Amino acid sequence: MSEPAVADTRRLNSKPQDLTDAYGPPSNFLEIDVYDPQIVGVGRNRYTTYEVRMKTNLPIFKLKDSCVRRRYSDFEWLKNELERDSKIVVPPLPGKALKRQLPFRGDEGLFEESFLEERRAGLEQFINRIAGHPLAQNERCLHMFLQEESIDRNYIPGKRKPSAAPASCTFISTSRHNAGGNVRAVSTL
């Protein structure tokens with residue numbers, strides 16, 4: 001009879017980590033922030049937009065840094081598109097807050113600061129859960145939502161194929177750090 005084989009339990013030799021490795025950029029990252037809720041319009045035509053900023057080094061995304069403004073209905077559109085065309089389980093959006101839309105409320109309803117912050121946090125959690133899913137990262141609707149200034153609701157659904165590094169990249173930014181309000185800057189790299 002032969003002896004049973006013993007598994008090799010020696011540690012793998014690892015390369016010592018230097019400061020560049022320890023404090024350098026991560027190998028793959030995807031950061032999405034939803035912030036700066038702004039109320040647009042007057043009276044019954046009022047709605048809130050949120051700034052959605054994405055930074056990544058994942059090759060599937062055409063732009064490595066983008067910033068767009070989206071409203072709640074845009075998040076609903078993304079959720080519906082993913083539910084219809086992809087094989088992933090789509091997380092829920094923060095609620096519609098129908099009671100906050102009733103007339104004769106004693107507060108600002110949908111435009112109350114605490115509600116806007118709660119909704120902003122919920123939308124940020126929603127988009128990060130979706131964008132972090134490897135199958136969702138291939139969906140055209142996600143790329144359109146995160147990187148294009150306007151959403152083409154007549155687009156043809158499908159997968160996005162990773163492309164070679166583009167000859168030029170466009171960065172869309174809305175800056176709110178100036179005294180005069182929002183300035184839109186577009187630069188080609």
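Report on the accompanying structure. Keep in mind that this is a model prediction, so the values were computed, not measured. All residue numbers refer to position in the chain's written sequence, counted from 1. Local features in a predicted model are, by the rule used here, given only for residues with pLDDT of at least 70; side-chain atom pairs are given and counted only at 80 or more, and totals for whole chains, interfaces and linings are based on all residues. For the side-chain quantities, the full set of heavy atoms in the structure was used; hydrogens and water were omitted.

1. A short note on the side chain of Arg 120
Position of Arg 120 relative to the elements: it lies in helix 3 (residues 113-131). Each residue's exposure class comes from its accessible area (1.4 Å probe, protein chains only) as a fraction of the maximum for that residue type: buried when under 20%, exposed when over 50%, partly exposed otherwise. You can call Arg 120 buried: its relative accessible area is 14%. A polar contact is formed between the side chain of Arg 120 and the backbone oxygen of Val 34, at a distance of 2.7 Å. A run of H or I in DSSP counts as a helix once it spans at least four residues, and a run of E counts as a strand once it spans at least two, with each numbered from the N terminus. Polar contacts, as used here, are pairs of N or O atoms within 3.5 Å; protein pairs need one atom able to donate a hydrogen and one able to accept it. Residues neighboring in sequence count only if both atoms are side-chain atoms.

2. Description of the environment of Asp 74
Its location among the elements puts Asp 74 in helix 2 (residues 72-85). Overall, Asp 74 belongs to the buried group, its relative accessible area being 10%. Expressed as a C-alpha distance, the spacing of Asp 74 and Arg 153, which sit 79 residues apart in the sequence, is 9.9 Å. The contact criterion used throughout is that any non-hydrogen atoms of two residues lie within 4.5 Å. Not counting the four nearest positions on each side in its chain, Asp 74 is found in contact with Phe 145, Ile 151 and Arg 153. Among the polar contacts listed, one links the side chain of Asp 74 to the side chain of Arg 153, at a separation of 2.6 Å.

3. A closer look at the pattern of salt bridges
The salt bridge definition used is simple: a Lys or Arg side-chain nitrogen within 4 Å of an Asp or Glu carboxyl oxygen. The full count for this structure, using the stated rule, is seven salt bridges. The residue Asp 36 makes a salt bridge to Arg 69 at a minimum N-O spacing of 3.4 Å. Of this pair, Asp 36 sits in strand 1 (residues 30-40) while Arg 69 is found in strand 3 (residues 65-71), placing the two residues 33 residues apart along the sequence. The exposure classification of Asp 36 matches that of Arg 69, with both residues buried.

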